[in-house]
Amino acid sequence: MLYSNDMATSGLNTSVTATSAKTGACRSCAPTVIRRSGPSISLSARRLQCAFGPDFVWIDHHISALEAWRDTGWEDPAGFRDTAHSAAWLSWHHLFAAPAPLAVTWVDKYDLWQQDAEWKTRTCPWQLIVTRRFSTPERYDLRVFSDERLLETYLRRYGQPMFAYEQQLRSREASAVQPVTLSLEDNSYRLLFLNSSLRDLQTLAAWHRRHPEIKVDGYLVGQLVPPLRWKLSLYAVEGSGIDAARIAQRFGGGGHASAAGFMLSPSDFEKHIKTFQK
């Protein structure tokens, strides 16, 4: 099974084993391959499709990866490709006939940024549990798929306190928000930038609501990671018209029109990203 995994994707996506496209039976001996989305995803998928034939399954939700495959003209492999759901949700529906449990539904809502009434009490706290407490397959507690009482216990004991602490971090890091310009050969974009390990747009969006006079096209969140690379997440501001996936592809990344990721060396970061006056 091949599925694309972006920076915001939950660790639950990596728990899925490869399956047979014919029977849907679990095949733990077959490969699970994870690649970052972008043009290279189609080449990885094509090699595995040729190697494993009808047993190859590709699950993906990144528009950049789907467009890259479509542009090749190759026949579509088995699996689910749908930009309207997360890879976790698509994987569940490929493997099981039962409706997705809350543990998967909340991951799906987080990945699609569906900020409903459960956003702060369920969706975000659960995402923190998945990415921090269940950070590796050995630490997963698969009972949460069937035991909603246990799921609530995890939320109350771990997720909600972690979310409260994260909110404190966001209030402190708001002072570090910088207006920047991302310059390409044929265009430039005004963004709000934050060097943060939290890796999402919430701090920037809240800051922007307090400063509506500053007009920007999107939000850029970055973190310098070994070996000296900027790991960046780009989010389009609603109504701006920018395509985050297209911009990310220019740097070898990809994702969705509204959110995408890419990497830059420190020298390229300095070349393409400059601060501008508020």
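For the structure, see preceding data.
Because the structure is a prediction, the values reported are computed rather than measured. (Residues numbered from 1 in each chain as written. Predicted model: local features only at pLDDT ≥ 70, side-chain atom pairs only at ≥ 80, totals over all residues. Heavy atoms only, no water.)

Draft legend 1. Representation of the overall build of the chain within the structure. On a plain count of helices and strands, the chain comes out with 9 helices and 10 strands. If you take every contact in the chain between residues at least 6 apart in sequence, the share linking residues at least 24 apart comes to 57%. Element-wise, carbon and sulfur atoms account for 51% of the exposed surface of the chain, whose accessible area totals about 13700 Å². (Helix = DSSP H or I, 4+ residues; strand = E, 2+ residues; numbered from the N terminus. Contact = heavy atoms within 4.5 Å. Areas by Shrake-Rupley, 256 points an atom, 1.4 Å probe, with all protein chains shown as cover.)

Draft legend 2. Structural detail: the packing of helix α5 (residues 119-133) against helix α6 (residues 148-173). α6 packs onto α5 with a crossing angle of 90 degrees between their chain directions and a minimal axis gap of 8 Å. With respect to their mutual orientation, α5 and α6 come out roughly perpendicular. Mapping the contact onto sequence places Lys120, Thr121, Arg122, Cys124, Pro125, Trp126, Leu128, Ile129, Arg132 and Arg133 in α5 and Leu151, Glu152, Tyr154, Leu155, Tyr158, Gly159, Gln160, Met162, Phe163 and Glu166 in α6. Of the residues in the contact of α5 with α6, the class split is 11 nonpolar, 3 polar and 6 charged. (Axes fitted to C-alpha atoms, helices over the stretch in contact; angles between N-to-C directions. Parallel < 35°, antiparallel > 145°, perpendicular 65-115°, else oblique. Nonpolar A, V, L, I, M, F, W, Y, C, P; charged D, E, K, R; others polar.)

Draft legend 3. Seen up close, the pairing of strand β9 (residues 259-264). Bridging between strand β7 (residues 229-236) and β9 involves 6 bridges; their strand directions are antiparallel. In the sheet register, Trp230 faces β9, and the bridge partner there is Leu264. Bridging between strand β8 (residues 254-255) and β9 involves 2 bridges; their strand directions are antiparallel. If you follow Gly255 over to β9, its bridge partner there is Ala260. Hairpin geometry of β8 and β9 is characterised by an intervening segment of 3 residues between the two adjacent antiparallel strands. (Pairing = 2+ DSSP bridges.)

Draft legend 4. Spotlight on the pattern of salt bridges. Counted by the stated rule, this structure contains 10 salt bridges. Its salt-bridge partner being Asp116, residue Lys109 comes within 2.6 Å of it at the nearest N-O pair. One salt bridge in this structure joins Arg246 and Asp243, with 3.8 Å as the shortest N-O distance. Residue class for Arg246 comes out partly exposed when judged on its relative accessible area of 45%. A residue is classified by how much of its surface remains accessible, and Asp243, at 28% relative accessible area, is partly exposed. Ionic contacts of the salt-bridge type, sharing partners, join the residues Arg132, Glu166, Arg170 and Asp200 into one network. (Salt bridge = Lys/Arg side-chain N within 4 Å of Asp/Glu carboxyl O. Buried < 20%, exposed > 50% of the residue type's maximum accessible area, 1.4 Å probe, protein only.)

Without other data, these values stay purely geometric and don't point to any function.
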